[in-house]
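Okay, here's what each chain looks like letter by letter:
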Amino acid sequence: MSTSASLQRPDPTSDTTPFFSDDNEAEGSGEPGAGPSQRREVEEPASGVSSMRSVFTVIVLCFINLLNYMDRFTVAGVLPDIEQYFGINDGKSGLLQTVFICSYMFLAPVFGYLGDRYNRKVIMSVGIGFWSAVTLASSYMAREYFWLLLLTRGLVGVGEASYSTIAPTIIADLYVKERRTQMLSVFYFAIPVGSGLGYIVGSKVDDIAGDWHWALRVTPALGLVAVVLLLFVVKEPKRGAIEARPEHTLQRTSWLGDMKALCRNPSFVLSTFGFTAVAFVTGSLALWAPAFLFRAAVFTGERPPCVKGPCDTSDSLYFGIITVVSGILGVASGAEVSRRLRLRTPRADPLVCALGLLLSAPFLYLAIVFAQASPIATYVFIFLGETFLSMNWAIVADILLYVVVPTRRATAEAFQIVLSHLLGDAGSPYLIGVVSDSLKQTDSYLWQFRSLQLSLLTCSFVAVGGGAFFLATALFIEKDRQRATNYTPSDDEPIVVPKSGRSARVPVSNVLI
């Protein structure tokens, strides 16, 4: 009697199926008398999304990711114009990227928490709409309102955090194993391609319009298209169902419990530190490489200095093209090398990430050193360095998804975003700018170039450190992947009992055996 009474008394505080969810909530229909609709449900893909719609979903998510990175690096593409327009130094220029990254990383845990519990499509749609509106507003700043430009760039991080934290978890709920790696590679192609297009679009629109403000008005219009596609094409998949563990058999623990579990996961923690080095290097180069190349050309006499806008943005155009091509080659080669190496060792993913960082370091060093001697050699070394650096993008995301259980993935994405940006590209653009200002002995063209050159050399040493973290990840990756694959709730976690056709969570202590 006590047993049946206990089973009927679920914990009133238990977390039932979240509102704002379009997941299919039916429990299945092994019961006699199941209707035709229930029988058809069994024939649906485990994720609840057809294979064709899954492909379209990845395409839409990739398009939005491309827009995210286009917007992020359009500012870097017209940075010389912005510096001249507002009359700011290197330190303040670095703040443009830093305030955006700080907003982005501090809000990522909020959206990670929401993304593990509520409808991900709705969250992303609202965030992208907000991001587009704020980006458009930032294109109307007058000379005396540089602080307002900083504020709007910070608010752009709200929208991007709502998307970047959640989108990979949707792909993870649509595909598994090799197919997931392939789709993540497609998704992360958008990072280098979008970044490069940001430089290209920014520089060309600036040249055509003769005003850098117009460069910031391209992505907001495309952002509205992205919201429409997201609402009408993307369908929310069932969390974890594709991995033969439907959502109602996986227990959501508290946020604190999730964080404790993630901190006890060495593969996740070490790969996050390795990715932090990637973020530091890419963040520094993304903002400062075009300006550095422009200063090198001014120092060698190849280009006139920028006294009155619009400035010569050809270096941004060239750097953008290099970023697109090297990014495509890097992401594709990283995924392919990892796929082939997995046939020989289960530690392939972290080893490929380590190889990419360790190989990028000397080429980036040579690119910075050769800047005043040979522009062609500089571009070649930048191309090689960025290609090896881009090998990490899709693989790091894949590592996170297979060493973390489905109900913690958005939280894990958020944690990785916070840590990698906090210690990586949140501070690196500003740090490079401050170090550059401190090294200047005079305000001559020589020292404008030389001080920035010396400060950028830091990137090579950080890349080596990141490679070491990925080598350490390889020591734990097999054990952590197996633990996530065979995950079962511990005795002190709630179990699921059926109640009125739904799953209700009841603490173990309430069930008498």
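See the structure above.
Below or above, wherever it landed, is the structure these notes cover. (Residues numbered from 1 in each chain as written. Predicted model: local features only at pLDDT ≥ 70, side-chain atom pairs only at ≥ 80, totals over all residues. Heavy atoms only, no water.)

Here we look at the overall build of the protein
From N to C terminus, the protein includes 21 helices and two strands. Carbon together with sulfur atoms contributes 66% to the accessible area of the protein, which is approximately 21,100 Å² in total. (Helix = DSSP H or I, 4+ residues; strand = E, 2+ residues; numbered from the N terminus. Areas by Shrake-Rupley, 256 points an atom, 1.4 Å probe, with all protein chains shown as cover.)

Focus: the packing of aromatic side chains
This structure, assessed with the given rule, holds 12 aromatic pairs. Taking the centre distance of 6.4 Å and the plane angle of 70° together, the rings of Tyr145 and Trp147 count as edge-to-face. Given the relative accessible area of 37%, Tyr145 is considered partly exposed. When the ring of Phe268 is compared with that of Phe415, the centres are 5.6 Å apart and the planes differ by 40°; the resulting orientation is tilted. Here Phe268 is found in helix α12 (residues 266-299), whereas its partner Phe415 is found in helix α17 (residues 409-423), with 147 residues between them in sequence. A relative accessible area of 1% means that Phe268 is categorised as buried. Taken together, the aromatic side chains of Phe363, Phe370, Phe381 and Phe388 make up a single cluster linked through ring pairs. Against the face of Tyr140 rests Arg217, its NZ or CZ located 4.2 Å from the ring centre. Between the NZ or CZ atom of Arg481 and the centre of the ring of Tyr402, over which it lies, the distance is 3.8 Å. (Phe/Tyr/Trp six-rings, centres within 6.5 Å; stacked < 30°, edge-to-face > 60°. Buried < 20%, exposed > 50% of the residue type's maximum accessible area, 1.4 Å probe, protein only. Lys NZ or Arg CZ within 6 Å of the ring centre and 35° of its normal.)

What to know about helix α10 (residues 218-233)
Its 16 residues give α10 an end-to-end C-alpha distance of 23 Å, which sits within 8% of 22 Å, the value for a rise of 1.5 Å per residue. Within α10, the full set of buried residues consists of Thr219, Pro220, Gly223, Ala226, Val227 and Leu230. All buried residues of α10 project into a common sector of 105° when viewed along the axis, lining one side. Those residues of α10 that are exposed and angled more than 90 degrees off the buried face are Leu224 and Phe232. Packed against the buried residues of α10 are α3 (51-77) and α6 (120-138). (Expected span 1.5 Å × (residues − 1). Arc of directions from axis to C-beta. Contact = heavy atoms within 4.5 Å.)

Topic: the side chain of Lys121
Along the chain, Lys121 turns up in helix α6. The class for Lys121 is buried, based on a relative accessible area of 13%. Within polar-contact distance, the side chain of Lys121 engages the backbone oxygen of Leu231 at 3.5 Å. (Polar contact = N/O pair within 3.5 Å; in protein donor to acceptor, adjacent residues only side chain to side chain.)

Describing the pattern of salt bridges
Two side chains with opposite charge may pair up if their charged atoms get near one another. Tallied over the entire structure, the rule returns nine salt bridges. A salt bridge links Arg339 to Glu336; the nearest nitrogen and oxygen atoms lie 2.8 Å apart. Remark: Glu336 and Arg339 occur in helix α13 (residues 314-341); sequence separation between them is three residues, near one turn of the helix. On the accessibility criterion, Glu336 (30% relative accessible area) is partly exposed. Here Arg342 and Asp398 are joined by a salt bridge, their closest N and O atoms 3.1 Å apart. Residue Arg342 is found in the loop between α13 and α14 (348-369), and its partner Asp398 is found in helix α16 (residues 393-403); the two are separated by 56 residues along the sequence. Each of the two residues, Arg342 as well as Asp398, counts as buried. Each of Glu336, Arg339 and Arg340 takes part in a single network of salt bridges with overlapping partners. (Salt bridge = Lys/Arg side-chain N within 4 Å of Asp/Glu carboxyl O.)

Comments concerning helix α4 (residues 79-86)
Most of α4 sits inside the fold, with seven of its eight residues counted as buried. The set of residues buried in α4 consists of Leu79, Pro80, Asp81, Ile82, Glu83, Tyr85 and Phe86. Along its buried surface, α4 packs onto α3, α5 (90-115), α7 (146-164), α9 (177-209) and α12. Taken from the residues just after α4, Gly87 is the one with a positive phi, measuring 65°.

Points about the nonpolar core
Among the nonpolar cores identified, the biggest contains 120 residues, and Leu61 and Phe86 are the most heavily contacted of them. With 13 residues, the top contributor of residues to this core is α12. Counting contributing residues, this core receives three or more from each of domain 1 (46-241) and domain 2 (253-486). Once residues within four sequence positions are removed from consideration, Leu61 is found in contact with Met124, Tyr163, Ala167, Ile170, Ile171, Phe187 and Leu230. (Core = buried A, V, L, I, M, F, W, Y, C linked by side-chain atoms within 4.5 Å. Domains from an automatic or database assignment.)

What about the environment of Asp116?
If you trace the backbone, Asp116 turns up in the loop between α5 and α6. When its relative accessible area of 3% is taken as the criterion, Asp116 is described as buried. With 292 residues separating them along the chain, Asp116 and Arg408 place their C-alpha atoms 6.7 Å apart.

Re the packing of α6 against α7
Close contact between α6 and α7 brings their axes to 7 Å; oriented N to C, the two are set at 160°. With respect to α7, the element α6 is oriented roughly antiparallel. When you trace α6 past α7, the crossing you get is left-handed. Residue-level inspection shows Ile123, Met124, Gly127, Ile128, Phe130, Trp131, Val134, Thr135 and Ser138 of α6 in contact with α7, the latter providing Leu149, Thr152, Arg153, Leu155, Val156, Val158, Gly159, Glu160, Ser162 and Tyr163. (Axes fitted to C-alpha atoms, helices over the stretch in contact; angles between N-to-C directions. Parallel < 35°, antiparallel > 145°, perpendicular 65-115°, else oblique. Left-handed = near helix turned anticlockwise from the far one by under 90°.)

Quick notes on the side chain of His213
Following the sequence through the fold, His213 ends up in the loop between α9 and α10. You can call His213 buried: its relative accessible area is 7%. Once residues lying within four places of it in the same chain are set aside, the contact partners of His213 are Tyr85, Ser139, Tyr140 and Met141.

Focus on the environment of Thr135
Note on placement: Thr135 falls in helix α6. Judged by its relative accessible area of 0%, Thr135 is buried. Remark: the alpha-carbon pair of Thr135 and Arg217, spanning 82 residues in sequence, is separated by 7.4 Å. Once residues lying within four places of it in the same chain are set aside, the contact partners of Thr135 are Asp71, Val156, Leu216, Thr219 and Pro220. Among the polar contacts made by the side chain of Thr135, one reaches the side chain of Asp71 at a distance of 3.2 Å.

Considering the environment of Pro375
Position of Pro375 relative to the elements: it lies in helix α15 (residues 375-389). The spacing of Pro375 and Ala297 is 78 residues in sequence and 8.2 Å in space, taken between C-alpha atoms.

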